[in-house]
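# Structural overview
Chain by chain, the residues:
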Amino acid sequence: MSQPEIIVEGTLNPDGTLELDEPPKLSAGRVQVTVKPLAAAVQKSAGLAVVIQQIQQDQKKRGFVGLSDQDLAAAQKARQEEEDEYEERCKELWGQTQTGPPT
């Protein structure tokens, strides 16, 4: 009576040897081995602070100069003005409807 086929995962070392994650539950004797690569193991990603720091270091190496505080403030002010204008336009349009603005 033949034993059932089992699947055991492991690692193929650079020298061609196999390192199994657990001992196979088979009787000792000759076996046939099929080696199939698995999807790359999901690596634990670095935290947000580490990623941001790495991005900043890479940018510095490339000579990237970011926006100044004044540029950032001007951009924020422009966005706020656009949002205010949009809000006013919406209020005007709702004022022209019969039902009025939503509550």
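Residues numbered from 1 in each chain as written. Predicted model: local features only at pLDDT ≥ 70, side-chain atom pairs only at ≥ 80, totals over all residues. Heavy atoms only, no water.

### Remarks on the environment of Val 33
Rules: Labels follow the DSSP assignment, with helices taken as runs of H or I lasting at least four residues and strands as runs of E lasting at least two, numbered in each case from the N terminus. With a 1.4 Å probe rolled over the protein chains alone, any residue whose accessible area is under 20% of its type maximum counts as buried; one over 50% counts as exposed, and the rest are partly exposed.
Locating Val 33 in the fold gives a position in the loop between strand 2 (18-20) and helix 1 (48-62). Since its relative accessible area comes to 53%, Val 33 is described here as exposed. Residues Val 33 and Ile 7, 26 residues apart in the sequence, show an inter-C-alpha distance of 9.8 Å.

### Some remarks on a negative patch on the surface
To keep things clear, this is the line we draw: The patches described consist of residues with a relative accessible area above 30% and no salt bridge, like charges being joined within 9 Å and nonpolar side chains (Val, Leu, Ile, Met, Phe, Trp, Tyr) within 5 Å. Accessibility throughout is a Shrake-Rupley quantity obtained with a 1.4 Å probe, and a residue counts as covered only by protein chains that appear here. Take a side-chain nitrogen of Lys or Arg and a carboxyl oxygen of Asp or Glu: if they are within 4 Å of each other, that pair is a salt bridge. Charge convention: Lys and Arg are scored as positive, Asp and Glu as negative, and His as well as the terminal groups of each chain are ignored. A single reference atom marks each charge: NZ on Lys, CZ on Arg, CG on Asp, CD on Glu.
There is a patch of like negative charges on the surface, built from Glu 81, Glu 82, Glu 83, Asp 84, Glu 85, Glu 87 and Glu 88. Turning to its location among the elements, Glu 85 is positioned in helix 2 (residues 69-95).

### Let's talk about the layout of surface pockets
The cut-off we apply is this: Using a 1 Å grid laid over the protein atoms alone, points where a 1.4 Å probe fits but cannot get out form a cavity; open sets with protein on both sides within 12 Å along at least 5 of 7 lines form a pocket; any residue with an atom within 4 Å of a point counts as lining. Grid points are joined across faces, edges and corners, and a volume is the space filled by probe spheres set on the points. All amino acids are sorted into three groups, where Ala, Val, Leu, Ile, Met, Phe, Trp, Tyr, Cys and Pro are nonpolar, Asp, Glu, Lys and Arg are charged, and the leftover types, Gly among them, are polar.
Estimated volume of the largest pocket: approximately 1,000 Å³. In terms of lining, the largest pocket is formed by 24 residues, of which the most central are Ile 6, Ile 7, Val 8, Val 33 and Thr 34. Mapped onto the lining of the largest pocket, the elements with two or more residues apiece are strand 1 (10-12) and strand 2. Sorting elements by how many residues they give to the lining of the largest pocket places strand 1 first, with 3 residues. Classifying every residue of the lining of the largest pocket gives 14 nonpolar, 6 polar and 4 charged.

### Observations regarding the pattern of salt bridges
Across all of its chains, the model carries 2 salt bridges by this definition. A salt bridge links Lys 25 to Glu 22, with the nearest nitrogen and oxygen atoms 4.0 Å apart. Judged by its relative accessible area of 71%, Lys 25 falls in the exposed class. Look at Glu 22 and you get partly exposed, because its relative accessible area is 42%. As a salt-bridge pair, Glu 92 and Arg 89 come within 3.3 Å of each other at their nearest N and O atoms. Residue Glu 92 and its partner Arg 89 are located together in helix 2, separated by 3 residues, close to a single helical turn.

### A few points about the confidence of the model for the protein
Applied cut-off: pLDDT expresses how confident the predictor is about each individual residue, on a scale running from 0 to 100.
On average, residues of the protein score 86 in pLDDT, and 89% of them are at 70 or above. When pLDDT is averaged over each element of the protein, helix 2 comes out on top at 95 and strand 1 at the bottom at 84.

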